[in-house]
Amino acid sequence: MTTVDNDIRLSTPTTNAELVDPFGRHVNYVRISVTDRCDFRCVYCMAENMNFLPKKELLSLEELDRLCSTFVELGVKKIRITGGEPLVRKNIIELFRSLSRHLETGQLEEMLVTTNGSQLTKLAPDLYSAGVRRINVSIDTLDADKFHAITRWGRLEQVLEGIKAAKQAGLKIKLNAVALKGVNEHEIPTMIEWAHDQGMDFTLIETMPLGDIDGDRTDQYLPLSKVRADLEEKYTLTPNEYKTGGPARYVDIKETGGRLGFITPLTHNFCESCNRVRVTCTGEMFMCLGQDDNADLRTPLRAQESNEALKQAIYEAIDRKPKGHDFIIDRNSKAPAVSRHMSVTGG
Ligand code: SAM
Ligand code: SF4
């Protein structure tokens, strides 16, 4: 194959062809981490003393806009802004406001956010007016002491106030909780009922082996197959075909009238329908959350004012999207499957 300028291939499409990987999966969903920093230190996500990236390493808001807009040109319909905690990035609302032009043209269907909720009291109305309609809020317990123990630095009250403000602003909220053995295990039904009472979907996530943390992950790992079996003793669960384009599988709960999602990378492999890629706040694109292969998008982004080199780099990377991840958590392999933290690649 002929190569020019930093291995940019001549054979990759030069028009705005859609992104299709070697397994025929259309990539139309991008999750972008806008910062690796966070105002919490959740025990399964980060060590307490994290070394964060120097600010100059991060893509500027203008670069993030160019990157997102290029993905939109290549057929991406959904962009999720995540982190770290995306809403602690200075002036982040400017990015939402500028990207809303793609919602107006209809090229972008949805702009979403995953947040810990700490800044929603302040920012929910701005998110809504910039065109965000759905957000995910992560909350692992409704017990203030446990919340503090899990997040180390977080306050439950602040997040509950944020959820209230987001609802008042008109945002539709889905709650995400990581299932943690012996921590929130027995609180799961209470949380489901609380969420469903207020018309919020609720999704449970299995802990994934991403990045070194201060403890041992096998202590935290609670398979959702077990949680589901326990819930089935209490409720009537009916599988629901509802899809958000994400990896969650949903059930309806007859008794609460609400929807419950399961994200089970370890007990159930969801790779065959994967339609997404992730970009870190330094512009590294990961084609799979559970693999280390990545593509540098910052260099082509900074090399030219035009977006052609960037598009080539994206096409090349999509050509390398792997079939699936290799996660495993067991007593014999205590090292994380991939060394970067979830807060780097974004959840
Ligand atoms: N700070 C925001 C938040 O907490 O929602 C956005 C980023 S956070 C990395 C995104 C999601 O990843 C959260 O729901 C969090 O609970 C989840 N998460 C973080 N580390 C995880 C891990 N090792 N395994 C599974 N989920 C994890
Ligand atoms: Fe921060 Fe979210 Fe990670 Fe918790 S899960 S430490 S809120 S990035």
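Now for a look at the structure at hand. All values reported here derive from a predicted model rather than from experimental measurement. Throughout, a residue's number is its position along its own chain's written sequence, starting from 1. Chain labels run from A onward and ligand labels from 1 onward, assigned in the order the entries are written. Local features in this predicted model are restricted to residues of pLDDT 70 or higher, and side-chain atom pairs are both shown and tallied only at a pLDDT of 80 or more, whereas totals for entire chains, interfaces and linings draw on every residue. Only hydrogens and water are removed before side-chain values are computed, so all heavy atoms of the structure are retained for them.

**Details of the site of ligand 1**
Move 1: Surrounding ligand 1, one finds 18 residues, the nearest of these being Tyr44, Gly84, Glu85, Ser138 and Met208.
Move 2: Contact between ligand 1 and Ser138: an oxygen atom at 2.5 Å from a side-chain N or O atom of the residue.
Move 3: Per-residue accessibility takes into account occlusion by the displayed protein chains alone, with areas from the Shrake-Rupley method and a 1.4 Å probe. In the complex, the protein chains occlude 96% of the 540 Å² of accessible area that ligand 1 would expose alone.
Move 4: Tallied by class, the residues present in the shell around ligand 1 amount to 6 nonpolar, 9 polar and 3 charged. Whether a residue is near a molecule or strand depends on its heavy atoms: it is near if one of them lies within 4 Å of it. Whenever a nitrogen or oxygen atom comes within 3.5 Å of another N or O atom, the pair is scored as a polar contact, on the condition that within protein one atom can donate a hydrogen and the other can accept it, and that pairs from neighbouring residues in sequence are kept only if both atoms are in side chains. Put simply, Ala, Val, Leu, Ile, Met, Phe, Trp, Tyr, Cys and Pro go in the nonpolar bin, Asp, Glu, Lys and Arg in the charged bin, and everything else, Gly too, in the polar bin.

**Looking at the pairing of strand S8 (residues 201–205)**
Every other side chain in a regular strand lies on the same face of the sheet, so the side chains alternate between the two faces.
Move 1: In terms of residue burial, S8 counts as a mostly covered element, since 5 of its 5 residues are buried.
Move 2: For every residue, the accessible area (1.4 Å probe, protein chains only) is compared with the maximum for its type, and the residue is labelled buried under 20%, exposed over 50%, or partly exposed between those bounds. Helix and strand labels come from DSSP, where a helix needs a run of H or I of at least four residues and a strand needs a run of E of at least two; each type is numbered from the N terminus. Side chains Asp201, Thr203 and Ile205 of S8 all project onto a buried face; the interleaved residues Phe202 and Leu204 project onto the opposite face, where all are buried too.
Move 3: Handedness of a crossover is defined as follows: orient the strands so they point away from the viewer, and if the path from the first strand over the helix to the second runs clockwise, the crossover is right-handed. Regarding the hand of the β-α-β motif, the stretch spanning strand S7 (residues 172–178), helix H6 (residues 188–197) and S8 is right-handed.

**Focus on the sheet that holds strand S4 (residues 78–82)**
Move 1: The criterion for strand pairing is that DSSP finds at least two bridges linking the strands in question. Taken together, 12 strands build an open sheet; the order of strands is S9-S10-S11-S8-S7-S6-S5-S4-S3-S12-S13-S14 and the sheet is mixed. The open sheet is flanked by strand S9 (237–240) and strand S14 (294–296), the only strands paired with a single partner. Between one strand axis and the next, the sheet turns by 25 degrees as a mean value, whatever way the strands run.
Move 2: Bridge count between S7 and S8: 5 bridges; the pairing is parallel. Note on S8: the bridge partner recorded for Lys174 is Asp201. Angles run from 0 to 180 degrees between N-to-C directions of axes, and those axes are lines fitted to C-alpha atoms, restricted for helices to the stretch in contact.

**Describing helix H2 (residues 92–105)**
Move 1: Throughout, the bend at a residue refers to the angle made by two axes, fitted to the seven residues ending there and to the seven starting there. Along H2, the helix axis deviates most sharply at Leu99, where the bend reaches about 25 degrees.
Move 2: Taken residue by residue, H2 has Ile92, Ile93, Leu95, Phe96, Leu99, Ser100 and His102 as its buried positions.
Move 3: Contacts are assigned to residue pairs with any non-hydrogen atoms lying within 4.5 Å of each other. Packed against the buried residues of H2 are helix H1 (61–73), S4, strand S5 (110–115) and helix H3 (120–129).
Move 4: Of the residues flanking the end of H2, it is Gly106, one or two places downstream, whose phi is positive at about 85 degrees.

**Notes on the pattern of salt bridges**
Move 1: Put simply, a salt bridge is a Lys or Arg side-chain nitrogen that is within 4 Å of an Asp or Glu carboxyl oxygen. Per the counting criterion, the structure on display carries 14 salt bridges.
Move 2: Residue Asp21 is joined to Arg25 by a salt bridge in which the shortest nitrogen-to-oxygen separation is 2.6 Å.
Move 3: The class for Asp21 is buried, based on a relative accessible area of 5%.
Move 4: Through salt bridges with shared partners, a single ionic network connects Glu73, Glu308 and Lys311.

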